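Residue-level listing of the chains:
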Amino acid sequence: MEKTFSAVKVEITQGDIAAQQDMEAVVNAANAQLRTGGGVAGAIHRAAGPELEKAGRALAPIKPGQAVITAGFHLPNRWVIHCLGPVYRQDQPEDKLLASCYREALRLAEENKISSIAFPAISTGIFGYPLQEAAQVIIHTVLQEIPSLKAVKHIRFVLYSERDRQVFEEFLR
Ligand code: AR6
């Protein structure tokens, strides 16, 4: 599914965040230490190679809601923006912290003149944020930011399952 708001294309797809060949930046659902992990972080670090952890070392630790940027190394993407999402029912206020991840990632994209960026559903895996609740916060936040974007022209949400993709599509609709 694809929609355009203020000349920014917003796309919802199903797939692997580490296989987004045509995007300038991908977002990592990181841990505070910017090390490899399971889920998104595992896929991104495997594809980027060990240089990514090395680059992260200088920037870690990060706090929930914060984002930092590194090169993409062996990924097909020039940049990786690493966001630490909130752990559901632990890092409070979780909705504000989740929104902050997406806002901060877009801010870094703008600063670096990035025109296309792909996001996973941060916090909805190991960190336990229910997908429906997260989708509402994420779509709302990104649509709110769109009018102030200058560099970013294409935002893609990459969901891992068919069901998750449908939930995101319902909210975007
Ligand atoms: N591509 C796209 N989405 C994926 C992929 C993939 N390759 N793999 C999983 N997902 P998670 P979190 C979905 O756990 O909840 C890490 O190990 C998954 O189904 O990756 O923010 C870090 O080291 C879920 O919907 O991130 C942290 O310690 C969503 O991506 C911690 O886990 C996010 O799942 C971060 O947990």
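Just above, that's the structure.
Residues numbered from 1 in each chain as written. Predicted model: local features only at pLDDT ≥ 70, side-chain atom pairs only at ≥ 80, totals over all residues. Heavy atoms only, no water.

**Q** Can you break down the sheet that holds strand β5 (residues 79-83) residue by residue, with the values?
**A** The seven strands lie next to each other as β1-β2-β7-β6-β3-β5-β4, forming an open sheet whose pairing is mixed. A single partner strand is all that each edge strand has here, and the edge strands are β1 (2-5) and β4 (67-71). Each adjacent strand pair in this sheet contributes to an overall mean axis angle of 20°, direction not counted. The pairing of strand β3 (residues 25-29) with β5 spans five bridges and is parallel. When the bridges of β5 are listed, Val-26 appears paired with Val-80. Sheet strands in contact with helix α3 (residues 94-111) are β3, β4, β5, β6 (116-119) and β7 (154-159), and its direction is about 155° off that of β6. Its contacts with the sheet place helix α4 (residues 131-145) against β1, β2 (8-14) and β7, and it is angled at close to 175° to β7. (Pairing = 2+ DSSP bridges. Helix = DSSP H or I, 4+ residues; strand = E, 2+ residues; numbered from the N terminus. Axes fitted to C-alpha atoms, helices over the stretch in contact; angles between N-to-C directions. Contact = heavy atoms within 4.5 Å.)

**Q** Describe the site of the ligand, naming the residues involved and giving the relevant values.
**A** Not every one of the 20 residues close to the ligand is listed here, only the nearest: Asn-31, Gly-38, Val-40, Ser-123 and Thr-124. In this structure, Ile-17 approaches the ligand through a main-chain N or O atom, which is 2.9 Å from a nitrogen atom. In the model, an oxygen atom of the ligand is placed 2.7 Å from a nitrogen or oxygen of the Asn-31 side chain. When the free accessible area of the ligand is taken as 700 Å², the share hidden by the protein chains comes to 89%. Per-element tally for the shell around the ligand: the top contributor is helix α1 (residues 39-48), with four residues. Across the shell around the ligand, the residue classes break down as eleven nonpolar, eight polar and one charged. (Near = heavy atom within 4 Å. Polar contact = N/O pair within 3.5 Å; in protein donor to acceptor, adjacent residues only side chain to side chain. Areas by Shrake-Rupley, 256 points an atom, 1.4 Å probe, with all protein chains shown as cover. Nonpolar A, V, L, I, M, F, W, Y, C, P; charged D, E, K, R; others polar.)

**Q** Hey, could you go over the environment of Ala-99 for me, with residue numbers and the actual values?
**A** Tracing the backbone shows Ala-99 in helix α3. Overall, Ala-99 belongs to the buried group, its relative accessible area being 9%. Taking the C-alpha atoms as reference, Ala-99 lies 9.1 Å from Ala-134; in sequence the two are 35 residues apart. When residues no more than four places from it in sequence are discounted, the contact partners of Ala-99 are Val-137 and Thr-141. (Buried < 20%, exposed > 50% of the residue type's maximum accessible area, 1.4 Å probe, protein only.)

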